[in-house]
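In case you want the letters, here they are:
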Amino acid sequence: MSQNTDILSQITAHFGSLREAEKKVAELIHDDIDFVTEASIGGIAARAGVSEASVTRFARAVGCHNVRDLKARLNRALAAGRRFIQDASEEDGFSAVYEIATQTLALNRDLMAQADIAGAVERIDQGRQVLVFGAGGGSSMLAEEMQFRLVRLGYAVSAYTQSLMPRMAASTLDPEDVVVVLSVSGFTPEMVEAARIARQYGAQVVAITASGSPLAEAADVVLPIASRETDFIYHPSASRYAMLAAIDVLALELAMRHRERARTKLRRLKITLDAHRGGHDRQPLGD
């Protein structure tokens, strides 16, 4: 069994084919995983009311080499976070989405107020081209969102979200270019490596990421964001709101920096869209 395989899923999948004694071990893990990770094989057997041989057979039946391997995999499951093992308390339905978003934005507003927004805007504005890197769910989507925001202001901007493309694109850069790298955690290897490669070739790197992360250390300017994730794991990641707000701040500041040019391009965009779709003059610009 691969080291990346979730042992708890394996136990669930094999439960129906286990012997009765082995099922008791599985039930003990479900009821008290902490005890099983710390106890000896004799202690596990006594608590489950089975023989030590049954504990060993159980470990092998769910794909582990032995009981030690079983305990190591259970510890890895715990390391991922107890909230992914034990159900959280009930949240207030859909209103939790708005409450968590509000809290996340308030937290990150304070961080952004202390960030070097001017430094980030200066680098993006002076760049010959702007490349936006993002990997994963939210960062990939928001890399394209930043591209959409800047292209309507007249910037030469491209988004790269495939695993190898950021590294490849970073290898082609020159000192006149600027890269904006998005990563909530700042630990995604592809993003950190792409930022380092870009800087090796003299490009400026702006990172929207967690302070003190490897990505932050690889950047020239950091716009810090903090995720406000809760134990309610069924709620989508709230960090998207913080990153989107940071992108909107940059887009606004760039537009205000060149008001006349931005107004002209936005007006042309609005005329083109209205001619295509019709409607009143308060419809959004392509959203």
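Draft legend 1. Spatial organisation of the overall build of the protein chain. The number of helices and strands found in the protein chain is 14 helices and five strands. By the burial criterion, 39% of the 287 residues in the protein chain qualify as buried. Expressed as a percentage of contacts within the protein chain between residues at least 6 apart in sequence, the contacts between residues at least 24 apart total 68%. Here the protein chain has roughly 15,400 Å² of accessible surface; of this, 51% comes from carbon and sulfur atoms.

Draft legend 2. Region of the structure containing the environment of Gln204. Along the chain, Gln204 turns up in strand S4 (residues 204-209). Judged by its relative accessible area of 27%, Gln204 falls in the partly exposed class. Sequence separation of Gln204 and Val179 is 25 residues, and the distance between their C-alpha atoms is 6.2 Å. Residues within four places of Gln204 in sequence aside, it is in contact with Arg123, Asp177, Val178, Val179 and Asp220. Side-chain polar atoms of Gln204 contact the side chain of Arg123, separated by 2.7 Å.

Draft legend 3. Spatial organisation of helix H11 (residues 189-200). Along its twelve residues, H11 runs 16 Å from first to last C-alpha, staying within 8% of the 16 Å computed at 1.5 Å per residue. Within H11, burial applies to Met191, Val192, Ala194, Ala195, Ile197 and Ala198. Those residues of H11 that are buried are in contact with strand S1 (130-134), helix H10 (165-170), strand S3 (178-183), S4 and helix H12 (214-217). Gly202 sits one or two residues past H11 and shows a positive phi near 90°.

Draft legend 4. Quick peek at the nonpolar core. Counting residues in hydrophobic clusters, the biggest one holds 32 residues, and the most contacted among them are Ile124, Leu150, Val180, Leu182 and Ile208. Of all the secondary structure elements, the ones that give two or more residues to this core are helix H8 (117-126), S1, helix H9 (137-151), S3, S4, strand S5 (221-224) and helix H13 (239-257). Top element by residues in this core is H13. It accounts for eight residues. Among residues more than four places away in sequence, those in contact with Leu182 are Val132, Phe133, Gly134, Ser139, Leu142, Ala143, Met191, Ile208, Met243 and Ile247. Core analysis: the next-biggest nonpolar cluster, separate from the first, contains 24 residues, Ile7, Leu28, Ile29 and Val67 among them.

Draft legend 5. Quick peek at the pattern of salt bridges. Within the structure shown, the criterion is met by 13 salt bridges. Arg149 is paired through a salt bridge with Glu145; the nearest N and O atoms lie 2.6 Å apart. You can see Arg149 and its partner Glu145 sitting in helix H9, four residues apart, about one turn around the helix. One salt-bridge network, in which partners are shared between bridges, spans Glu122, Asp125 and Arg257.

Draft legend 6. Focus on the environment of Val67. Its place among the elements puts Val67 in helix H6 (residues 67-79). Its relative accessible area of 9% is what places Val67 among the buried residues. Along the backbone, Val67 and Val36 are 31 residues apart, and their C-alpha atoms lie at a distance of 10.0 Å.

Draft legend 7. Representation of helix H14 (residues 259-277) within the structure. Relative to the 27 Å expected for 19 residues at 1.5 Å per residue, H14 spans 26 Å between its end C-alpha atoms, a close match to the ideal helical length. Buried within H14 we find Ala262, Lys270 and Leu273. The buried side chains of H14 occupy one side of the element, clustering within an arc of 70° when seen end-on. Exposed residues on H14 whose side chains face more than 90 degrees from its buried face are Arg268, Ile271, Thr272 and Ala275.

Draft legend 8. Region of interest: a nonpolar patch on the surface. A grouping of Phe94, Val97 and Tyr98 is seen on the molecular surface, where their side chains present a nonpolar patch of about 370 Å² in accessible area. Within the secondary structure, Tyr98 sits in helix H7 (residues 95-113). Residue class for Tyr98 comes out exposed when judged on its relative accessible area of 58%.

Draft legend 9. Spotlight on the packing of H8 against H13. Viewed as axis vectors pointing N to C, H8 and H13 meet at an angle of 65°, and their least axial separation amounts to 10 Å. Considering the relative orientation of H8 and H13, their crossing is right-handed. Contact residues: H8 offers Ile117, Ala120, Val121, Glu122, Ile124, Asp125 and Gln126, while H13 offers Val249, Leu250, Glu253, Leu254 and Arg257. By residue class, the composition of the contact of H8 with H13 is seven nonpolar, one polar and four charged.

Draft legend 10. Representation of the packing of aromatic side chains within the structure. The full count for this structure, using the stated rule, is one aromatic pair. Ring geometry for Phe133 versus Tyr160: centroids 6.1 Å apart, planes at 75°, classification edge-to-face. Taken together, the positions of Phe133 in strand S1 and Tyr160 in strand S2 (residues 157-160) put the pair 27 residues apart, joining distant regions of the chain. Above the plane of the ring of Tyr155 lies Arg261, whose end atom (NZ or CZ) is 4.9 Å from the centre.

The rules behind the values
- Per chain, residue numbering runs from 1 following the sequence as it is written.
- Given that this is a predicted model, residues contribute local features only at a pLDDT of at least 70 and side-chain atom pairs are listed and counted only at 80 or more, while totals for whole chains, interfaces and linings are drawn from all residues.
- Side-chain metrics rest on all non-hydrogen atoms present in the structure, leaving aside hydrogens and water.
- Here a strand is any run of E in DSSP of at least two residues, a helix any run of H or I of at least four, and the numbering for each starts at the N terminus.
- Any residue under 20% of the maximum accessible area for its type is buried, any over 50% is exposed, and the rest in between are partly exposed; the area is computed with a 1.4 Å probe on protein chains only.
- Two residues qualify as a contact provided that any one of their heavy atoms is within 4.5 Å of a heavy atom in the partner residue.
- Method for areas: the Shrake-Rupley scheme with a 1.4 Å probe, in which residue coverage is limited to the protein chains shown.
- Between N or O atoms, a polar contact is any pair within 3.5 Å; within protein, one atom must be a potential hydrogen donor and the other a potential acceptor, and residues adjacent in sequence are included only when both atoms are from side chains.
- For a helix, the expected span equals 1.5 Å multiplied by the number of residues minus one.
- Nonpolar cores are built from buried Ala, Val, Leu, Ile, Met, Phe, Trp, Tyr and Cys residues. Side-chain atoms within 4.5 Å join them into one set.
- Here, a salt bridge means any Lys or Arg side-chain nitrogen found within 4 Å of an Asp or Glu carboxyl oxygen.
- Comment: arc refers to directions from the helix axis out to C-beta atoms.
- What goes into a patch is any residue over 30% in relative accessible area without a salt bridge, connected to like charges within 9 Å or, for nonpolar side chains (Val, Leu, Ile, Met, Phe, Trp, Tyr), within 5 Å.
- The axes used here are C-alpha line fits, helices contributing only the stretch in contact, and every angle between their N-to-C directions lies in the interval 0 to 180 degrees.
- Helix crossings get a hand from a simple test, with the near helix turned counterclockwise from the far one by less than a right angle marking a left-handed crossing and a clockwise turn marking a right-handed one.
- Any residue outside Ala, Val, Leu, Ile, Met, Phe, Trp, Tyr, Cys, Pro, Asp, Glu, Lys and Arg is labelled polar, Gly included; the first ten of those are nonpolar and the last four are charged.
- Pairing of aromatic side chains here covers Phe, Tyr and the six-membered ring of Trp, requires ring centres within 6.5 Å, and sorts the geometry by plane angle: under 30 degrees stacked, over 60 edge-to-face, intermediate tilted.
- By the criterion adopted, a ring carries a charge over it if an Arg CZ or a Lys NZ lies within 6 Å of its centre and within 35 degrees of its normal.

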